[in-house]
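Results of the structural survey
Single-letter residue listing:
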Amino acid sequence: MTRTDRQHRLLPSHLVEPGGSGASRPRRTARDWVVDTTLFLLAALVGLLAADASAQYTSATVTLLDQLAGAAACCALWLRRRWPVGLAVGLCLVSAVAPVAAGAVLASLFSVAVRRPFREVAWIGALALAASVTQVFVRPDPTINVGLALAIGFVFILLVTAWGMLVRSRRQLFEALRERARRAESEAELRAAQAQRLAREAIAREMHDVLAHRLTLLSVHAGALEFRPDAPPEQIARAAGVIRDSAHEALQDLREIIGVLRAPGENGDGDRPQPTLATLDALVDESREAGADVVLDTTVDDPAAVPAATGRTVYRIAQEALTNARKHAPGTTVTVTVRGQPGEGLTVDIHNPAPAGPVPHVPGSGQGLIGLTERAALAGGRMEHGPAPDGGFALHAWLPWPP
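Residues numbered from 1 in each chain as written. Predicted model: local features only at pLDDT ≥ 70, side-chain atom pairs only at ≥ 80, totals over all residues. Heavy atoms only, no water.

1. Quick look at the overall build of the chain
A count of helices and strands for the chain gives 11 helices and five strands. Within the chain, the proportion of its 403 residues that are buried is 36%. Taking the contacts inside the chain whose residues are at least 6 apart along the sequence as the reference set, 71% of them involve residues at least 24 apart. (Helix = DSSP H or I, 4+ residues; strand = E, 2+ residues; numbered from the N terminus. Buried < 20%, exposed > 50% of the residue type's maximum accessible area, 1.4 Å probe, protein only. Contact = heavy atoms within 4.5 Å.)

2. Here's the deal with the UniProt feature "transmembrane region" (unreviewed entry) in the chain
Summarizing the sequence annotation, UniProt attributes the feature "transmembrane region" (unreviewed entry) to residues 33-51, 87-114, 121-138 and 144-166 in the numbering used throughout. Measuring from the first to the last C-alpha atom of residues 87-114 gives 14 Å, for a span that is 79% helix and 0% strand. For residues 121-138, the end-to-end C-alpha separation is 25 Å, with 100% helix and 0% strand making up the annotated structure. (UniProt positions renumbered as here; feature names shortened; annotations may be inferred.)

3. Describing the sheet that holds strand E3 (residues 345-352)
Within a sheet, each strand pairs with its neighbour through backbone hydrogen bonds, oriented either parallel or antiparallel. The mixed open sheet is built from five strands, whose spatial order is E1-E2-E3-E5-E4. The open sheet has two free edges, formed respectively by strand E1 (293-298) and strand E4 (382-387), since each of these has just one partner strand. On average, each strand axis in the sheet is inclined to that of its neighbour by 10 degrees, with strand direction left out of account. Each of E4 and strand E5 (393-399) is contacted by helix H11 (residues 368-378), which is oriented at about 155 degrees to E4, the strand it contacts most. (Pairing = 2+ DSSP bridges. Axes fitted to C-alpha atoms, helices over the stretch in contact; angles between N-to-C directions.)

4. A few points about the nonpolar core
Leu77, Leu91, Leu109, Ile124 and Ile157 are the most contacted members of the largest nonpolar core, which has 30 residues in total. The set of elements that each furnish at least two residues to this core consists of helix H2 (30-54), helix H3 (60-76), helix H4 (84-95), helix H5 (102-115), helix H6 (118-138) and helix H7 (146-227). Among the elements that make up this core, the one with the highest residue count is H5 (nine residues). With sequence-adjacent residues up to four places away left out, Leu91 is seen in contact with Ala73, Leu77, Ala104, Val105 and Ser108. (Core = buried A, V, L, I, M, F, W, Y, C linked by side-chain atoms within 4.5 Å.)

5. What to know about the confidence of the model for the chain
For the chain, the average pLDDT comes to 76, and 78% of its residues sit at 70 or higher. Of the regions scoring below 50 in pLDDT, residues 1-23 engages in 43 contacts with residues more than four places distant in sequence or in other chains. (pLDDT = per-residue confidence, 0-100.)

6. Observations regarding the packing of aromatic side chains
Going through the model one piece at a time under the given rule, you end up with one aromatic pair. The interplanar angle of 50 degrees and the centroid separation of 4.8 Å between the aromatic rings of Phe110 and Trp163 together place this pair among those described as tilted. Placement of the pair is Phe110 in helix H5 and Trp163 in helix H7, with a sequence separation of 53 residues. (Phe/Tyr/Trp six-rings, centres within 6.5 Å; stacked < 30°, edge-to-face > 60°.)

7. A word on H4
Along its 12 residues, H4 runs 16 Å from first to last C-alpha, staying within 8% of the 16 Å computed at 1.5 Å per residue. Those residues of H4 lying buried are Pro84, Val85, Leu87, Ala88, Leu91, Cys92 and Ser95. The buried side chains of H4 occupy one side of the element, clustering within an arc of 160 degrees when seen end-on. (Expected span 1.5 Å × (residues − 1). Arc of directions from axis to C-beta.)

8. Focus: the pairing of E1
Regular strands have side chains that alternate between both faces of the sheet. Bridge analysis of E1 against strand E2 (residues 333-341) gives six bridges, and the strand direction is parallel. Residue Asp293 lies in a different strand from E2, and its bridge partner there is Thr333. On the question of chirality, the crossover connecting E1 to the parallel E2 by way of helix H10 (residues 308-328) is left-handed. (Right-handed = clockwise from strand over helix to strand, strands pointing away.)

9. As for H11
Within H11 the residues assigned to the buried category are Gly368, Leu369, Gly371, Leu372, Arg375 and Ala376. Buried residues in H11, looked at end-on, bunch into an arc of 155 degrees, giving them a common side. Note on H11: the residue one or two positions beyond its end, Gly380, has a positive phi of about 90 degrees.

10. What to know about the pairing of E3
For E3, the tally of buried residues reaches six of eight residues, placing the bulk of the element in the interior. As judged from the seven bridges shared by E2 and E3, these two strands associate in the antiparallel manner. Residue Thr335 lies in a different strand from E3, and its bridge partner there is His351. Here E2 folds back onto E3, and the loop between the two strands holds three residues, one of which, Gly343, carries a positive phi near 90 degrees. As paired elements, E3 and E5 share seven bridges and run antiparallel to each other. Bridge pairing in E5 links Ile350 to Leu395.

Spelled out as structure tokens, the structure:
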């Protein structure tokens, strides 16, 4: 926020920059009119009292000039919102020789203290004190002691200035609180947007991890039927069965993901449980039924003891690795090795050798391994993947398993 904006917020109805163009000055509100009128009447009352007191020991000409100066000073207060500093300086100089301008000087000092920074308030206040001292000696009041007159001038100037600075500080505090509330609201909106983005990324990752496996089975077996129309009826029936089962499983998984987006209570009672390490055997059996050669080697005696989130991550890693092996290295033997115990973590190694011949292209998003790396990191673990020394592909992951 710029300095002009801060001033405009502190005093919505005063001129943003002193001496600025009329287009930048907001119109007075009803409150502004009440405040300006009240200050004008108070300044006029003080001026009348001072004029009545000075008329007792001055000539008629001087009294008339005082009255004219006092009236002009009071009328000039209507410009205090546009030129607060210039008006205060001019009124201080006038008050040095015209006591009737004292009320207008106090009103202008109040405006300066409310609107301007402390440095300007300090030197204008010093000018007002100097003008008050000058007035005591240039236009002495024989009915009041000089010391008392000086003290009265000092007290009134300091009180009005302190009052104006207090009003300014309160307005600044209010503006700071408003800005803090506005910033907190913006930060809350940003956090909500980030939460939505993270939720969308999580849903996209889950969609890929769940559906890519099923759809790859559909693609591979449909391609086999297309390129082997002369296959034995038993192979065609088996491929058709895999396609039917994979399509059914894909629909079931899609229903589960959509169910996550529903409001609480809208999910059906028949939702299937989320996969864990205990269901890794079923995933391997499913891949074997689809024609893949998979070897599962695990030393985890009780898969149900593995935390559900960790087991689900292992399942998704194995699922993606088997899907990639089926796409890029069909006919090879995929080895899935799972090691670990509580307190040491869970290690997953998946390896497949290079395919023996050319492999037909199967389309894919290329984001599966990236998503699994992020999933492993979110679970507090890590995952590495890349070409193996024998020309195949290897994947290594470690996930925490609290004791």
